[in-house]
Each structure stands twice: as C-alpha cells, then as structure tokens.
Amino acid sequence: STLPIALKGHDVAGQAQTGTGKTAAFLIAAYQRVLTKSGGDTDVEDGKQKQPKVFILAPTRELAMQIASDAEVLGKHTGLKIALAYGGTGYEQQRRTIESGIDVLIGTPGRIIDYFKQGVFKLDQVQVAILDEADRMFDLGFIKDIRYLLRRLPQPDQRLNMLFSATLSQKVMELAYEHMNEPDLIRIEPDKMTADRVRQAIFFPSNEDKMPLLVGLIREMGVGRIMVFVNMK
C-alpha cells in the first residue's frame, strides 16, 4: 500500500508492525526518488563533501543496523553510499565514513545530533526523510531530538517524507502533520496478532519488583529456552 503512494511523491504515515515489508517499501521509494532526481549522478560536485540525500531515523542501534543491512542489499547496484550513526561504539569510524561523503544516513537521534552539531554532515540536501518506529522514539524520550533534526531539513514540500509506527497515536500524528506534507494515512493490520497456541500474560510490577518477578517466572517455567527483551543493554 505504501509503495505506489510514495513512488508518486506523496508523503506516507503508516501504521505497520514488524514483518509487513515496510523497510523494503520505504527504501525502494527513497532510492527511486534520489536516483530520478539526480539522474543517477551521485558524484561529489566541485570537490565538496557529498551530503546525505536520504535521512533515516530509528529508535535503537539494532533497528538502524537492520535497516542499513537491507539498504545495502537493495541498493547494491545503485552506487549510493550508506553510513550508520549510532551510540555505544565506533565513534571515530562512523565519523570518518560520514565525512568521506555519503548518500544515505541511517542512525539513532543522539549520535546523529552529536555529529550534526560538530558539522560532520549537513541536512540541507536531504530529499527523503524517514522515521521508523516513531512511537518507540517517543517512548525512549527522543521527541525533542527528532524535532531538532527535522527542523533543519529542507521544507516538508521539498522532500519525500515517510513515517512508520506500530500505533498512529495522537502524538505521532501531531509529529506527522507538523513535519510532513499532507501525508496519506496507511494502516496495515496484521491478520492475527497472536498465534493460536501462544498464551500471553502481562504484569505491572514496580521497578524494585521487576527482577524478583522475572526470576520467579523463570523458576516457574522450569527447563526450556527463554528469551528476555530489554530496553537497555
């Protein structure tokens, strides 16, 4: 649903879960836009540093790395250069890659702002702006950083904008309407949220009760494989 709209140059705000193909859709639309507008010419002009034309923000380094991996595969024959910027490791290496001149910048808000304020790259040549898992960025407290960056892009009607979120809540839609150009709303509802034989349960412990509860649940489950997802490493 997203791809035909984006390929026509219209902004998209999509409600989409993981596994709906949104990454491929927004990357294909972004590549098409950049390659069409530049005529396939992605070389540096007049010896100046090549600046990002596609700007993709994600809430976590893991998601940023996955998007970059998909971008490499889909863009293998485009000649477009991709760079990652995320916190934790690789500060100087990431910086050098971006300074060497890139077409696609993918990253998390904190590290992106760090480099931007140091003048490592500019945002005035961005043709496509993408926010992935926007609701997670709200949850992680990135909204001020996101607004800071979006305000430094060309005007919304001078770029293609795509936003994806598991929920199109009021705060996500406010962000969309403030920084996008009359986006089309797309809702991709999964056929089935829970598999037939999966039992779900939710607990609301206080912070100090979280670890005892987790240990108790693991003991109760006994032998078997257990996967625990956490917000911070």
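What counts, and where the lines are drawn
- Residues numbered from 1 in each chain as written.
- Predicted model: local features only at pLDDT ≥ 70, side-chain atom pairs only at ≥ 80, totals over all residues.
- Heavy atoms only, no water.
- Helix = DSSP H or I, 4+ residues; strand = E, 2+ residues; numbered from the N terminus.
- Core = buried A, V, L, I, M, F, W, Y, C linked by side-chain atoms within 4.5 Å.
- Buried < 20%, exposed > 50% of the residue type's maximum accessible area, 1.4 Å probe, protein only.
- Contact = heavy atoms within 4.5 Å.
- Phe/Tyr/Trp six-rings, centres within 6.5 Å; stacked < 30°, edge-to-face > 60°.
- Lys NZ or Arg CZ within 6 Å of the ring centre and 35° of its normal.

Trainee: Looking at this structure, I do not really get unusual backbone geometry. What am I missing?
Mentor: With glycine set apart, most residues show a phi of negative sign, and most peptide bonds adopt trans. Of note in the backbone geometry, E133 takes a positive phi value of approximately 50° without being a glycine. Within the secondary structure, E133 is located in the loop between β5 (128-131) and α6 (134-139). A positive phi angle is found at E182, which is not glycine, with a value near 45°. Assignment of secondary structure puts E182 in the loop between α8 (170-179) and β7 (184-187).

Trainee: When you look at the nonpolar core in this model, what are you seeing that I'm missing?
Mentor: The nonpolar side chains of soluble globular proteins are, as a tendency, buried together. Counting 34 residues, the largest nonpolar core has F55, I98, L105, F121 and L163 as the members making the most contacts within it. Counting only elements with at least two residues in this core, the list comes to β2 (54-57), β3 (82-85), α5 (109-117), β5, α6, α7 (143-150) and α8. Excluding anything up to four places from it in sequence, F55 contacts L105, I112, L123, V126, V128, A129, I130, L149 and L153. Counting residues in hydrophobic clusters, the runner-up holds 27 residues, among them F26, V34, L80 and L160.

Trainee: Looking at this structure, how should I read the environment of A30?
Mentor: If you trace the backbone, A30 turns up in helix α2 (residues 22-38). Residues A30 and A6, spaced 24 residues apart in sequence, show a C-alpha to C-alpha distance of 8.4 Å. Once you skip the residues sitting within four places of it in the chain, A30 turns out to touch V54, V128, I130 and M162.

Trainee: What is the right way to read the packing of aromatic side chains from this model?
Mentor: Each aromatic ring pair is specified by the distance between its two centres and by the angle formed by the two planes. Taken as a whole, this structure holds four aromatic pairs when the rule is applied. Plain terms: the ring middles of F26 and F164 are 5.6 Å apart, the flat faces sit at 35° to each other, and that makes the pair tilted. A residue pair is termed long-range when its members are at least 10 positions apart, and F26 in helix α2 and F164 in strand β6 (residues 160-165) qualify at 138 residues. On the accessibility criterion, F26 (0% relative accessible area) is buried. Assessed through its relative accessible area of 2%, F164 is described here as buried. When the ring of F116 is compared with that of Y148, the centres are 6.2 Å apart and the planes differ by 80°; the resulting orientation is edge-to-face. Within this pair, whereas F116 is found in helix α5, its partner Y148 is found in helix α7, the two being separated by 32 residues in sequence. A relative accessible area of 17% means that F116 is categorised as buried. Residue class for Y148 comes out partly exposed when judged on its relative accessible area of 21%. In this structure, R152 packs its charged tip against the face of Y148, placed 3.6 Å from the ring centre.

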